[in-house]
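Remarks on the overall topology
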Amino acid sequence: MSPWLVVGLGNPGPEYAGNRHNVGQMVLGVLAGRMNGSFTSHKARAQVLDGRLGTAPGGAPGPRAILAKPGSYMNVSGGPVGALAKFYDVDPGHLLVVHDELDLPVDTLRLKLGGGEGGHNGLKSISAALGTRDYLRLRVGIGRPPGRMDPADYVLRDFAAAERPGLAVTLEEAADAVEEVLTLGLEKAQLRLHTPA
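This text gives an overview of the structure that appears in the document.

Calculation notes
- Residues numbered from 1 in each chain as written.
- Predicted model: local features only at pLDDT ≥ 70, side-chain atom pairs only at ≥ 80, totals over all residues.
- Heavy atoms only, no water.
- Buried < 20%, exposed > 50% of the residue type's maximum accessible area, 1.4 Å probe, protein only.
- Helix = DSSP H or I, 4+ residues; strand = E, 2+ residues; numbered from the N terminus.
- Pairing = 2+ DSSP bridges.
- Core = buried A, V, L, I, M, F, W, Y, C linked by side-chain atoms within 4.5 Å.
- Contact = heavy atoms within 4.5 Å.
- Phe/Tyr/Trp six-rings, centres within 6.5 Å; stacked < 30°, edge-to-face > 60°.
- Lys NZ or Arg CZ within 6 Å of the ring centre and 35° of its normal.
- Arc of directions from axis to C-beta.

Turning our attention to the pairing of strand β1 (residues 4–8). Where burial is concerned, most of β1 is hidden: five out of the five residues are buried. Neither face of β1 is exposed, since Trp4, Val6 and Gly8 on one face and Leu5 and Val7 on the opposite face are all buried. In terms of strand pairing, β1 meets strand β4 (residues 64–70) through four bridges, oriented parallel. Its bridge partner lying in β4, Val6 is registered against Leu67. Sheet analysis places β1 next to strand β5 (residues 95–101), joined by four bridges and oriented parallel. Its bridge partner lying in β5, Val7 is registered against Val97.

The next subject is the nonpolar core. Side chains of a nonpolar character, in soluble globular proteins, are inclined to be buried together. Counting residues in each nonpolar core, the largest one holds 38 residues, and the members touching the most others are Leu31, Leu67, Leu111, Leu138, Val178 and Leu182. Contributing elements (two or more residues each) for this core: β1, α1 (23–34), β4, β5, β6 (109–113), β7 (136–141), α5 (164–184) and α6 (186–194). The element that contributes the greatest number of residues to this core is α5, accounting for eight residues. Those residues in contact with Val178 that sit more than four places away from it in its chain are Val6, Leu31, Leu53, Leu96, Val98 and Leu138. In terms of nonpolar packing, the next biggest core, distinct from the first, is built from 19 residues, Ala68, Met74, Ala85 and Val90 among them.

Time to look at the side chain of Asn11. Along the polypeptide, Asn11 turns up in the loop between β1 and α1. Here Asn11 is in contact with Tyr16, His21, Asn22, Gln25, Tyr73, Met74 and Leu156, once residues within four sequence places are set aside.

Let us now look at the packing of aromatic side chains. Taken as a whole, this structure holds two aromatic pairs when the rule is applied. On the basis of an interplanar angle of 85° and a centroid distance of 5.9 Å, the ring pair of Tyr16 and Tyr73 is categorised as edge-to-face. Of this pair, Tyr16 sits in the loop between β1 and α1 while Tyr73 sits in the loop between β4 and α2 (78–87), and the two are 57 residues apart along the sequence. You can call Tyr16 partly exposed: its relative accessible area is 21%. Here Lys69 stacks its cationic end above the ring of Phe39, 4.3 Å away from the centre of that ring.

Within the sequence span of α2, burial applies to Gly78, Pro80, Val81, Leu84 and Ala85. In a view along the axis of α2, the buried residues occupy a sector of 165°, so they form one face of it. In this fold, the buried residues of α2 make contact with β1, β2 (40–42), β3 (46–52), β4, β5 and α3 (121–130). Residue Asp89 follows α2 closely and has a positive phi angle near 55°.

Here's what the structure looks like:
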């Protein structure tokens, strides 16, 4: 049984840690806390945490999951992701990429399998490295830039102080969604996530 590879996209280094572009890595931080583990360096130019995530139906431990934060810049994420998928023998159907999404409002989450990259260079790089777009994505909304601000500048800005309480809730909800994909499957996770409360 192929393990799961859960990738949080972002840019390396503390100067980028709070950026909107790094929200995928923020979600992995929450998941690492739930696994009571810490990231270690991997030869594939990534930080990884290998363990079990979530609780399967019936109360058994969830499936094996490798959390991964590429050590490359966002636009060339495909190299580390492709190398990790090969190293751990993960097929694309067991790859879940968590990333920022300009076309969704802040605090909005969406799960999908495959499809286009919507201009997201990190996803383009991963698709090129894998030779397929047929992997899962958890899209974390960061909203559109205000006024005429360049989207490239906007994604490299930190979340505003007023947004942070809501962001903390969103990160927990995103971590829940990842666990549900791994333990219940994509369709059940989508149904719960996409159905208004």
